[in-house]
Amino acid sequence: MAAYTISYSMDLPEETIRGWLEALCEVAVQYNIAWLRANPQAPCCVSCADNGRGLRYEAPRVSGSEVRFATAPELLERGRGTCHELAAYDCAHKRIKGEMAKCKVKTQGNDQFHVVIDSWGTETDPSRGLNHA
Ligand SMILES: [Zn+2]
């Protein structure tokens, strides 16, 4: 599994979509944990990837009602990722280090969602500071 695509309807309550997206992020985190354990030479975070230049951030392309999740190998190969793909990568690394990290979906107005990492109540945003694709 390098990536998966989910079809959905946005005509759901915001709280439902948020919980559902967090569950989808967790699928990618679980995959990334297994992949990173098998590939310990992989960059320690999205900021250090690409020889220290960092991956690039790209806005999710929501075509119709589909959202695509690239997991670690595809993310590194493409050199760019959406907020949920970047968060699932860094979240997996934190989990491997024993942190209680999880992906957290935040609402940004009009059906816009942004995914960050919640670790012991502290939020970090792996997308922040990255160049945009
Ligand atoms: Zn790093």
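It should be noted that the structure appears before, not after, this text.
The paragraphs below set out a description of the structure included in this document. (Residues numbered from 1 in each chain as written. Predicted model: local features only at pLDDT ≥ 70, side-chain atom pairs only at ≥ 80, totals over all residues.)

Assigned secondary structure in the chain consists of three helices and seven strands. The secondary structure elements of the chain, listed N-terminal to C-terminal, are β-α-β-β-α-β-α-β-β-β. Taken over C-alpha atoms, the radius of gyration comes to 14 Å for the chain, in line with the 14 Å a tight globule of 133 residues would show. The principal-axis extents of the C-alpha atoms in the chain amount to approximately 40 × 30 × 30 Å. For the chain, the proportion of its 133 residues judged to be buried stands at 32%. Summarising the internal contacts of the chain: among those between residues at least 6 apart in sequence, 65% fall at separations of at least 24. (Helix = DSSP H or I, 4+ residues; strand = E, 2+ residues; numbered from the N terminus. Rg over C-alpha atoms; globule rule 2.2 N^0.38 Å. Buried ≥ 20, exposed ≤ 12 C-beta atoms within 10 Å, placed from the backbone. Contact = placed C-beta atoms within 7 Å.)

What follows covers the nonpolar core. Ranked by size, the top nonpolar core spans 29 residues in total, and within it C25, A87, A88, C91 and C103 carry the most contacts. Elements that contribute at least two residues to this core include exactly helix 1 (14-38), strand 3 (66-70), helix 2 (72-78), helix 3 (83-96), strand 5 (101-107) and strand 6 (113-119). With residues near it in sequence (within four places) discarded, C103 still touches E22, C25, E26, V29, H84, A87, A88, C91, V115 and I117. (Core = buried A, V, L, I, M, F, W, Y, C linked by C-beta atoms within 7 Å.)

Now for helix 1. Here helix 1 is 25 residues long and its end C-alpha atoms lie 36 Å apart, about the 36 Å a rise of 1.5 Å per residue gives. Residues of helix 1 that are buried: L21, L24, C25, A28, V29, Y31, N32 and L36. If you follow the buried residues of helix 1, they end up packed against strand 1 (3-7), strand 3, helix 2, helix 3, strand 5 and strand 6. (Expected span 1.5 Å × (residues − 1).)

Pairing is antiparallel in the open sheet, where three strands are placed in the order 5-6-7. Taken across any chain shown, the strands that pair with only one partner, and hence form the sheet edges, are strand 5 and strand 7 (122-124). Averaged over all adjacent pairs, the angle separating strand axes in this sheet is 40 degrees, with direction ignored. Here strand 5 runs beside strand 6; their pairing, made up of seven bridges, is antiparallel. Across the sheet, K106 pairs through a bridge with H114, a residue of strand 6. In the packing of helix 1 onto the sheet, contacts are made with strand 5 and strand 6, and the angle to strand 5 comes to roughly 145 degrees. Contacting strand 5 and strand 6, helix 3 crosses the sheet at an angle of about 10 degrees to strand 6. (Pairing = 2+ DSSP bridges. Axes fitted to C-alpha atoms, helices over the stretch in contact; angles between N-to-C directions.)

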